Amino acid sequence: ILNIWDDSKEKYIGFIKIDNKINFLKTNKKYIVLSDNQYIYIYNFNNLQFKQKLKYTYNNFFHYDLSSTNLLLYTNEFGYINILNLENNLKKKLKAHDNNIQYIKISNHSKYIASVSENGSIIKIFDCNTLNLIKFLYRGISHAEIITIDFDIHDNHVLVYSNLNTVHIFSLNSNNELISATDF
């Protein structure tokens, strides 16, 4: 059960109940998206009404993201990213990798999509509108589990943090990695 509290009004709004344990939760101003081991559930934030359910396979990877522009990115097929516009239900499919995807992230202004395959060494950056690959970012040669990927507020830089205790900050406007910090 997911209980919703509005802190500004200091009152309980309602709840969302699914049969299984909630594994992940993403929200924006219009939608609440949550998942269990089998499905992604989409609810309208304003009235908590159920909108849609998508088949999803959870295997300890971060397989979906929700943008402020109501785009839902998710993967449920080997190497592919699905991009669903929650406003009009238009769906695009992007072949991003040749193996499982461990992490996907959409940038703050829905300009870029970042994805990492299960080995964690290369981050691919795609243009969100054209779905063209625009950049390869090399995190390292060793296998790594990506903990987080974040874009700066202007979508000019991307930060990648892994279980190897490394942080890489890349410029999306140049060919160089800006900073790499290890074991801080």
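These numbers were taken from a predicted model, which means no experiment stands behind them. (Residues numbered from 1 in each chain as written. Predicted model: local features only at pLDDT ≥ 70, side-chain atom pairs only at ≥ 80, totals over all residues. Heavy atoms only, no water.)

### Let's talk about the overall build of the protein chain
Here comes step 1: Each helix and strand in the protein chain was counted, giving zero helices and 18 strands.
Here comes step 2: For the protein chain, the C-alpha radius of gyration of 17 Å lies close to 16 Å, the compact-globule estimate for 184 residues.
Here comes step 3: Each principal axis of the C-alpha distribution contributes one length, and for the protein chain these read about 45 × 35 × 30 Å.
Here comes step 4: Counting across all 184 residues of the protein chain, residues that qualify as buried make up 46%.
Here comes step 5: Accessible surface for the protein chain amounts to roughly 10,000 Å². Of this, 48% is attributable to carbon and sulfur atoms.
Here comes step 6: For the protein chain, the separation between the mean place of its 19 positive charges and that of its 17 negative charges on side chains is 7 Å. (Helix = DSSP H or I, 4+ residues; strand = E, 2+ residues; numbered from the N terminus. Rg over C-alpha atoms; globule rule 2.2 N^0.38 Å. Buried < 20%, exposed > 50% of the residue type's maximum accessible area, 1.4 Å probe, protein only. Areas by Shrake-Rupley, 256 points an atom, 1.4 Å probe, with all protein chains shown as cover. Lys, Arg positive; Asp, Glu negative; His and termini not counted. Charge placed at Lys NZ, Arg CZ, Asp CG, Glu CD.)

### Regarding the sheet that holds strand E12 (residues 112–117)
Where strands meet in a sheet, backbone hydrogen bonds hold them as pairs that are either parallel or antiparallel.
Here comes step 1: Read from one edge of the open sheet, four strands run E11-E12-E13-E14, paired in antiparallel fashion. Either end of the sheet is taken by a strand with one partner, and the two such strands are strand E11 (101–106) and strand E14 (133–138). Strand-to-strand twist of the sheet, defined as the mean angle between neighbouring strand axes without regard to direction, takes the value 20 degrees.
Here comes step 2: Where E11 and E12 come together, five bridges link them in antiparallel fashion. When the sheet's bridge partners are listed, Ile106 is paired in E12 with Ile113. (Pairing = 2+ DSSP bridges. Axes fitted to C-alpha atoms, helices over the stretch in contact; angles between N-to-C directions.)

### Observations concerning the sheet that holds strand E7 (residues 64–66)
Here comes step 1: Pairing is antiparallel across the open sheet formed by four strands, whose spatial order is E7-E8-E9-E10. Looking at strand neighbours, the two that pair on one side only are E7 and strand E10 (91–95), the edges of this open sheet. Taken pair by pair, the neighbouring strands of this sheet meet at an average axis angle of 20 degrees, ignoring direction.

### Considering the pairing of strand E9 (residues 80–85)
Here comes step 1: Direction of pairing for strand E8 (residues 71–77) relative to E9: antiparallel, over a ladder of five bridges. Across the sheet, residue Leu71 finds its bridge partner in E9, namely Asn85.
Here comes step 2: Linking E8 back to E9 in an antiparallel pair, the connection comprises two residues, with Gly79 at a positive phi of about 80 degrees.
Here comes step 3: With five bridges connecting them, E9 and E10 associate as antiparallel partners. Counterpart to Leu84 in the pairing with E10 is Lys91.
Here comes step 4: Hairpin connection from E9 to E10: five residues lie between these consecutive antiparallel strands, with Asn89 at a positive phi of about 60 degrees.

### Some thoughts on the nonpolar core
Here comes step 1: Judged by nonpolar contacts, the single largest core of 14 residues is most densely connected at Ile123, Ile125, Leu137, Ile149, Phe151, Val158 and Leu172.
Here comes step 2: Only E12, strand E13 (122–127), strand E15 (146–151) and strand E16 (157–162) provide two or more residues apiece to this core.
Here comes step 3: With residues near it in sequence (within four places) discarded, Leu137 still touches Ser121, Ile122, Ile123, Ile125, Val158, Phe170 and Leu172.
Here comes step 4: In this structure, Ile101, Ile104, Ile113 and Phe126 belong to the second largest nonpolar core, which totals 13 residues. (Core = buried A, V, L, I, M, F, W, Y, C linked by side-chain atoms within 4.5 Å. Contact = heavy atoms within 4.5 Å.)

### Comments concerning a nonpolar patch on the surface
Here comes step 1: Side chains of Ile1, Trp5, Tyr12 and Phe15 sit close together on the surface and give an oily, nonpolar patch of about 490 Å² of accessible area.
Here comes step 2: Judged by relative accessible area, Phe15 falls into the partly exposed class, the value being 48%. (Patch = residues over 30% accessible without salt bridge, like charges linked within 9 Å, V, L, I, M, F, W, Y side chains within 5 Å. Salt bridge = Lys/Arg side-chain N within 4 Å of Asp/Glu carboxyl O.)

### A short note on the pattern of salt bridges
It is possible for side chains of opposite charge to pair when their charged atoms get near one another.
Here comes step 1: This model, assessed by the stated rule, comprises six salt bridges.
Here comes step 2: Between Lys105 and Asp65 there is a salt bridge; the shortest N-O distance is 4.0 Å. With Lys105 in strand E11 and Asp65 in strand E7, this pair connects stretches of sequence that are 40 residues apart.
Here comes step 3: For Asp65, a relative accessible area of 2% translates into the label buried.
Here comes step 4: Of the charged contacts in the structure, one is a salt bridge between Asp98 and Lys95, with a shortest N-O distance of 3.6 Å.
Here comes step 5: Via salt bridges that share partners, Lys26, Asp65, Lys105 and Asp150 belong to a single interconnected network.

### Topic: the confidence of the model for the protein chain
Here comes step 1: Averaged over every residue, the pLDDT of the protein chain is 89; residues scoring 70 or more account for 91%.
Here comes step 2: The least confident element of the protein chain, judged by mean pLDDT, is strand E18 (residues 177–182) at 50; the most confident is E10 at 96.
Here comes step 3: In this model, residues 180–184 is a region of pLDDT below 50 whose contacts with residues beyond four sequence positions or in other chains number ten contacts. (pLDDT = per-residue confidence, 0-100.)

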